[in-house]
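Understanding the architecture of this molecule
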Amino acid sequence: MYEFTYIRPGSLPEAAALLASNEGAKPLSGGMTLIPTLKQRLSQPSHLVDITALAALKGIAVVDGRLEIGAATRHIEVATSSVVRQSLPALAALAAGIGDPQVRNRGTMGGSVANNDPAADYPSAVLALGATVHTDRRAIAAEDFFQGMFATALEPGELIVRISFPLAERAAYAKFPHPASGYAMTGVFIAVVGGAVRVAVTGAGPGVFRWTQAETALQARFESAAIADLEVDATDLNADIHAPAAYRANLVRVMALRALETILTSSKGQ
Amino acid sequence: MSKVSLTVNGKAVSVDVEDRTLLSSVLRESLGLTGTHIGCDTSQCGCCTVHVDGRVVKSCTMLAVQAEGSDVMTIEGLAPSHDASGATLHPVQQAFSECHALQCGFCTPGMIMAVAGLLKDTPDPDDQQIIHGLEGNMCRCTGYVNIVKAVKQAAVTMRA
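Residues numbered from 1 in each chain as written. Chains lettered and ligands numbered in written order. Predicted model: local features only at pLDDT ≥ 70, side-chain atom pairs only at ≥ 80, totals over all residues. Heavy atoms only, no water.

**Some points on the packing of helix 2 (residues 91-98) of chain B against helix 3 (residues 108-121) of chain B**
Residue and element names in this part refer to chain B. Our working definition: For helices, the axis comes from a line fit to the C-alpha atoms of the stretch in contact; other axes are also lines fit to C-alpha atoms, and the angle between any two N-to-C directions lies between 0 and 180 degrees. A run of H or I in DSSP becomes a helix once it reaches four residues, and a run of E becomes a strand once it reaches two; helices and strands are each numbered from the N terminus. The labels follow the angle: roughly parallel below 35 degrees, roughly antiparallel above 145, roughly perpendicular from 65 to 115, and oblique for the rest. Less than a right angle of anticlockwise turn of the near helix away from the far helix marks a crossing as left-handed, whereas a clockwise turn marks it as right-handed. Contacts are assigned to residue pairs that have any heavy atoms within 4.5 Å of one another. Residues were grouped as follows: Ala, Val, Leu, Ile, Met, Phe, Trp, Tyr, Cys and Pro as nonpolar; Asp, Glu, Lys and Arg as charged; and all remaining residues, including Gly, as polar.
Taken N-terminus to C-terminus, the directions of helix 2 and helix 3 make an angle of 125°; their axes are 9 Å apart at the nearest point. The angle between the axes of helix 2 and helix 3 places the two elements in the oblique class. Judged by the twist between their axes, the crossing of helix 2 over helix 3 is right-handed. Contacts from Val92, Gln93 and Phe96 in helix 2 reach Thr108, Met111, Ile112, Val115, Ala116 and Leu119 in helix 3. In terms of residue class, the contact of helix 2 with helix 3 is built from 7 nonpolar, 2 polar and no charged.

Following this line, the structure appears as structure tokens:
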């Protein structure tokens, strides 16, 4: 690692001021991506501003029919929270499958969403549920937030404060994890919110995206047969050492079917 | 440089570190607790697993300054008491010994710390829960069969 100065600010405005006044400063949340990146000397921040202890970024609550989760909430907290398990169990199940126990004990929702790794799990839930990302400056709709591989609508120094999820009538996530890393080779999150079906795919492409063809088909009839024969265009999907694009294209359909199966077979639809 | 104060295996310690120093380095180099192994140094193998405030973490992927004020437990502090012969073992250590859940032993300290964390959350795990719970730890010798056996034996002992 290159040298840097570590700071633990006492408040959100103090954190924002530190990031604004030091061009090379970066926020540090759980550090599950950033610390390995620093160790490989792929990044050279002047300062690391640790935002995990900020009270403004904490908390899980249902407010006015929406599930509000603070950005510094760790994956294990989402996975085990009775509030999340009751109001949006698909999100708790997703969190319980991120990485490994050591990662879930450190990594945070805000960190994962801000990083927007193309194989991260959370972006699929944020996009499929049509969540709103609240920052220290504004509210950003999920549609506008994710902008391709590791790219988001966040401006330099802008911090995610919390993410606000609508409570889905039905939702489920299914992923095919890479057997070594646990990252999603392909993950599909299906949600029904206000009667509208949305299907978001992670891991398969350069960034999370909606599979609109499946949405239309499921809107017409919410059953496996509606999507079982759909073909996914592999043109823009990822091809790498782990799998060619056509393999991932097939996984999109298979994971969608598994997520749908979870919805159709569980009592509460989640 | 920063001064980091934390509790390690029940003892309050204070160490001067560079901000970029990893927790694993402080444990091994500043405090001489070399039971915490560094296998891959890329957050994958889990050999450096310790407990921070009761939760398992990979100490090679946490800055020492992030552990300020924390309660850290390493493999050296896991057994309930340390007599002069070092004969006292934690039930997980005992089970690993009896079930031959190790061959070269390099992954063992991290594996045992991960198992201790798993059994705290899941006192009576089935095979799938054990496999899922140990996803962050790699063993290149055993094929995991005896590790799973040891976890089950330790679970029985600890529930008794």
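**Details of the sheet that holds strand 2 (residues 25-28) of chain A**
Residues and elements named next belong to chain A. Operational definition: For two strands to count as paired, DSSP must find a minimum of two bridges between them.
As summarised here, the arrangement of the 3 strands in space is 1-3-2, forming an open sheet in which the pairing is parallel. Bordering the open sheet on either side are strand 1 (5-7) and strand 2, each of which pairs with just one other strand. Recorded for the sheet is a direction-independent mean angle of 25° between the axes of neighbouring strands. Pairing between strand 2 and strand 3 (residues 47-50): 4 bridges, direction parallel. Residue pairing for strand 3: Leu28 is matched across the bridge by Asp50.

**Some points on the interface of chain B and chain A**
Where interface size is given, it is often the accessible area lost as the parts come together that is meant. Heads up, the condition is: Throughout, the accessible surface (probe 1.4 Å) given up by two parts as they are put together, summed over both, is called the buried area. Counted as salt bridges are all cases of a side-chain nitrogen of Lys or Arg within 4 Å of a carboxyl oxygen of Asp or Glu. We define a polar contact as two N or O atoms separated by no more than 3.5 Å, with the added condition that, inside protein, one atom must be a possible hydrogen donor and the other a possible acceptor, whereas residues neighbouring each other in sequence contribute only through side-chain atom pairs.
Tallying the contact residues gives 24 residues for chain B and 28 residues for chain A. Of all residues in chain B, the largest losses of buried area upon contact with chain A belong to Arg20, Thr61 and Gln66 of chain B, amounting jointly to 29% of the total for that side. At the boundary of chain B and chain A, one finds 2 salt bridges. Taking the shortest distance from any N to any O, the salt bridge between Lys39 of chain A and Asp41 of chain B comes out at 2.8 Å. One can count 11 residue pairs in polar contact (both at pLDDT 80 or more) joining chain B with chain A. Looking at the side of chain B that touches chain A, the elements that each hand over two or more residues are strand 4 (55-58) and helix 4 (127-133) of chain B.

**Notes on the domain arrangement of chain B**
All names here are of chain B. Applicable threshold: Start and end positions for the domains come from either an automated domain assignment or a database one.
Considered domain by domain, chain B is made up of domain 1 (2-77) and domain 2 (91-159). On a C-alpha basis, the centroid separation for the pair domain 1 and domain 2 is 21 Å. Taken over both partners, the interface formed by domain 1 and domain 2 buries close to 1,300 Å², and the fraction arising from carbon and sulfur atoms is 61%. Applying the counting rule to domain 1 against domain 2 returns 1 salt bridge. Across the pair Asp121 and Arg55 runs a salt bridge whose closest N-O atoms are separated by 3.1 Å. Elements supplying a minimum of two residues to the side of domain 1 that touches domain 2: strand 3 (49-52) and strand 4.

**Quick notes on the domain arrangement of chain A**
On domain assignment, one finds that chain A holds domain 1 (1-52) and domain 2 (170-265). Inter-centroid distance (C-alpha atoms) of domain 1 of chain A to domain 2 of chain A is 34 Å.

**Thoughts on the pattern of salt bridges**
All names here are of chain A. Convention followed: Here's how the labels work: a residue is buried when its accessible area is under 20% of the maximum for its type, exposed when over 50%, partly exposed in between, all with a 1.4 Å probe on protein chains only.
Evaluation of the coordinates by the stated rule reveals 17 salt bridges over all chains. Across the pair Glu143 and Arg198 runs a salt bridge whose closest N-O atoms are separated by 2.7 Å. Here Glu143 is found in helix 9 (residues 142-145), whereas its partner Arg198 is found in strand 11 (residues 196-202), with 55 residues between them in sequence. Take Arg198: its relative accessible area is 17%, and that puts it in the buried class.

**Examining the packing of helix 2 of chain B against helix 5 (residues 145-159) of chain B**
All names here are of chain B. Where helix 2 contacts helix 5, the two axes come as close as 8 Å, and the packing angle between them is 135°. Classified by the interaxial angle, the pair formed by helix 2 and helix 5 is oblique. When you trace helix 2 past helix 5, the crossing you get is right-handed. Contact residues: Pro91, Val92, Ala95, Phe96 and Glu98 in helix 2; Ile147, Ala150, Gln153, Ala154, Thr157 and Met158 in helix 5. For the contact of helix 2 with helix 5, a count of residues per class yields 8 nonpolar, 2 polar and 1 charged.

**Thoughts on the sheet that holds strand 8 (residues 160-166) of chain A**
Residues and elements named next belong to chain A. Strand order in the open sheet formed by 5 strands is 4-5-8-6-7, and the pairing between neighbours is antiparallel. Only two strands of the sheet have a single partner each, and these edge strands are strand 4 (60-63) and strand 7 (139-141). Sheet twist, expressed as the average angle between the axes of neighbouring strands with direction ignored, equals 25°. Summarising the sheet, strand 4 and strand 5 (residues 66-70) pair through 4 bridges and their orientation is antiparallel. When the bridges of strand 5 are listed, Ile60 appears paired with Ile69.

**Quick word on helix 1 (residues 23-30) of chain B**
Residues and elements named next belong to chain B. Those residues of helix 1 that sit buried are Leu23, Ser24, Ser25, Val26 and Leu27. In this structure, the buried residues of helix 1 make contact with strand 1 (2-8), strand 2 (11-17), strand 3 and strand 5 (71-73). Residue Gly32 follows helix 1 closely and has a positive phi angle near 70°.

**Some remarks on helix 2 of chain B**
Residue and element names in this part refer to chain B. Applied cut-off: By definition, the arc is the one covered by directions from the helix axis to the C-beta atoms.
Of the residues making up helix 2, those classed as buried are Val92, Gln93, Ala95 and Phe96. Relative to the axis of helix 2, the buried residues are bounded by an arc of 165° and lie together on one face. Each element contacted by the buried residues of helix 2 is listed here: helix 3 and helix 5.

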